Structure formats: structure tokens, C-alpha cells
Amino acid sequence: MGSYRGEGGSLTFMVRTVWLTMRSAIGEELKAFGLSTSQYATLMMTESHPGLSVADIAREVASSRQAANEMLGGLEAEGLIERSPHPTDRRTHQIHVTESGRERLAAARIAVARREAELEARFTPEQQASIRDWLEGLAEACAATGQRTERMGATASAPSIDSTPPKRKSGA
């Protein structure tokens, strides 16, 4: 195993390894529904936030606008999403999940939830809650750091982030 794992290893690469292996496991489940992880994420996002633009989706799935547009084209060809003109910006289209898309998403969510439960089964409920709290805290810290870095300019170095899980209040 690489030196980035275990005590003193790089947090970034540990999280990346978890993400890639979890994405692979979830991706296997999604194959039965004809969806990729990016397509699944897009259906979830657009169901929760109807009217997102291609640029919004590209940012959320960490892809280029061109790649997001191609992925959306596939979802649109299958009748899972539809595009409509933005009411105030003629250059932008809003993305909406169709009824067929909602049905496929609902079925896929069941399989994904089952697989996630299998992956989490080795952890106690308390550990699961702590892991989720830590991940949310780390995501918030990274987002805040990114915002500070943008304000400081591209050449400024971002402050370091402590890799210990944040302390959360009980019952919060």
C-alpha cells in the first residue's frame, strides 16, 4: 500500500481513494439502470433544484460545460430530462427531470441506498454519524478555503486545513 495511507498519510489521497472505490461500487449498481454516477447525480440535483443550467450542473459534477452538455444530451435522448429556455437569459436553458426520469431515479435510489448500507455495515451508527459530520465539516472548510483563495487571487496560497475531524456539539 502507498505511503499516502494510514497514520501520517495524505488526507487528500485517502479521501480520493475512498471516493474512487465508492464511485466504482455505486457505478456497478447504476449500470442496471443505464446510468453513470454523473447522470445519477444530475438527476438528483435537477429533481431537487429544477431549472439548473448546464454550467450549474458542470460545476456540481466537476466537469467541463462541454462534457456536461454531452451527458445531458444522453439523458435527454432517453427522455429523462428536458431543457427549456431560461425566462430572462436567452443564451441559457433550464434543465428539468421528466416523469420518466423521476421514475428511473426512484428505482436507482433504492439500489444505491442498499449498496451504501452494505458499505457502511461495518461501522456502528455512531461511527456513521461521526463520519458524515466530519465529511460535511471538511467540505465546508474546503469551500470556505476556496472562497478565500478566490478573493486573494490565483497566486495566493490557501491556508492549511487541520485534518482532524471537527468537534461537533452533541445532539446537533
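**Student:** Which residues make up a nonpolar patch on the surface, and what are the values?
**Tutor:** Nonpolar side chains collect at one region of the surface, where Val-18, Met-22 and Leu-119 lie side by side and expose about 220 Å² of accessible area between them. Relative to the helices and strands, Met-22 resides in helix α1 (residues 11-31). Judged by relative accessible area, Met-22 falls into the partly exposed class, the value being 31%.

**Student:** Before we move on, can you summarise the pattern of salt bridges with the specific residues and values?
**Tutor:** Opposite charge on two side chains lets them pair, provided their charged atoms get close. Applying the stated criterion to the full structure yields eleven salt bridges. Residues Lys-31 and Glu-28 are paired through a salt bridge, measuring 3.0 Å at the closest nitrogen-oxygen approach. In this pair, Lys-31 and Glu-28 are both assigned in helix α1, three residues apart and thus about one turn of the helix distant. Its salt-bridge partner being Arg-114, residue Glu-29 comes within 2.6 Å of it at the nearest N-O pair. Pair noted here: Glu-29 is in helix α1 and Arg-114 is in helix α5 (residues 99-120), with a separation of 85 residues, a long-range link. Several salt bridges converge on common partners, so that one network encompasses Glu-29, Arg-114, Arg-115 and Glu-118.

Conventions used here
Residues numbered from 1 in each chain as written. Predicted model: local features only at pLDDT ≥ 70, side-chain atom pairs only at ≥ 80, totals over all residues. Heavy atoms only, no water. Patch = residues over 30% accessible without salt bridge, like charges linked within 9 Å, V, L, I, M, F, W, Y side chains within 5 Å. Areas by Shrake-Rupley, 256 points an atom, 1.4 Å probe, with all protein chains shown as cover. Salt bridge = Lys/Arg side-chain N within 4 Å of Asp/Glu carboxyl O. Helix = DSSP H or I, 4+ residues; strand = E, 2+ residues; numbered from the N terminus. Buried < 20%, exposed > 50% of the residue type's maximum accessible area, 1.4 Å probe, protein only.

Interpretation note: all reported values are geometric properties and have no functional meaning in isolation.
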